[in-house]
Amino acid sequence: SGVDRSTTISGRTRRRDEKMVENDPMRYCADRCVSTGNCDVFEDMFDMGPEEVIKFCTECVLSEDETPCDVPANLFEDDNNEEIESGGGGGLHP
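1. Observations concerning the packing of aromatic side chains
This model, assessed by the stated rule, comprises four aromatic pairs. Taken together, a centroid distance of 5.1 Å and an interplanar angle of 45° make the contact between phenylalanine 42 and phenylalanine 46 tilted. Here phenylalanine 46 and phenylalanine 42 lie together in helix H3 (residues 40-46), a separation of four residues that amounts to about one turn. Take phenylalanine 46: its relative accessible area is 4%, and that puts it in the buried class. With 5.9 Å between their ring centres and 65° between their planes, phenylalanine 42 and phenylalanine 56 make a pair best called edge-to-face. In this pair, phenylalanine 42 sits in helix H3 while phenylalanine 56 sits in helix H4 (residues 50-61), placing the two residues 14 residues apart along the sequence. Judged by its relative accessible area of 0%, phenylalanine 42 is buried. Overall, the relative accessible area of 5% leaves phenylalanine 56 in the buried class. Ring pairs connect the aromatic residues Tyr28, Phe42, Phe46 and Phe56, which therefore count as one cluster.

See below:
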């Protein structure tokens, strides 16, 4: 009926992924990024390539190792390039 379903589904998937990133970044890394290679939300958020995002997910978000990992610098910045104060609020730590 003239509706481009591929765009609609893609938009829905993108919104679902953005919500998952916000609510449960570990699940996004495990279920979407590492499992399927679909890391678009983190790629856009952190201005990184797919391989970099998968490395970030496996070494930082999903790792149970307590050794520090390389966290993208812009993870600590808001949209105005101002540093976000650290502390509570969930974040990307297991």
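2. Comments concerning the pattern of salt bridges
One pass over the structure, following the stated rule, counts five salt bridges. A salt bridge links aspartate 44 to arginine 14; the shortest N-O distance between them is 2.9 Å. Of this pair, aspartate 44 sits in helix H3 while arginine 14 sits in helix H1 (residues 5-23); the two residues are 30 residues apart in sequence, bridging distant segments of the chain. For arginine 14, a relative accessible area of 27% translates into the label partly exposed. The closest approach of N and O atoms between aspartate 31 and arginine 27, which form a salt bridge, is 3.1 Å. Taken as a pair, aspartate 31 and arginine 27 lie in helix H2 (residues 25-36) at a separation of four residues, close to a single helical turn. Here arginine 27 falls in the partly exposed class, since its relative accessible area comes to 45%. Taken together, the salt bridges that share partners define one network made up of Arg14, Glu18 and Asp44.

Conventions used here
- Starting from 1, residues in each chain are numbered consecutively following that chain's sequence as written.
- In keeping with the predicted nature of the model, local features appear solely for residues at pLDDT of at least 70, side-chain atom pairs appear and are counted solely at 80 or more, and the whole-chain, interface and lining totals rest on all residues.
- Side-chain measures here rest on the full set of heavy atoms in the structure, leaving out hydrogens and waters.
- Only rings of Phe, Tyr and Trp enter the pairing, Trp through its six-membered ring, and a pair is recorded when the two centres are within 6.5 Å. The plane angle decides the type: under 30 degrees is stacked, over 60 is edge-to-face, the rest tilted.
- In this text, helices come from DSSP runs of H or I with a minimum length of four residues, and strands from runs of E with a minimum of two, each type numbered from the N-terminal end.
- Here the term buried applies to any residue with accessible area under 20% of the maximum for its type, exposed to any over 50%, and partly exposed to those in between, with areas from a 1.4 Å probe on protein chains only.
- When a carboxyl oxygen of Asp or Glu lies within 4 Å of a side-chain nitrogen of Lys or Arg, that pair is called a salt bridge.

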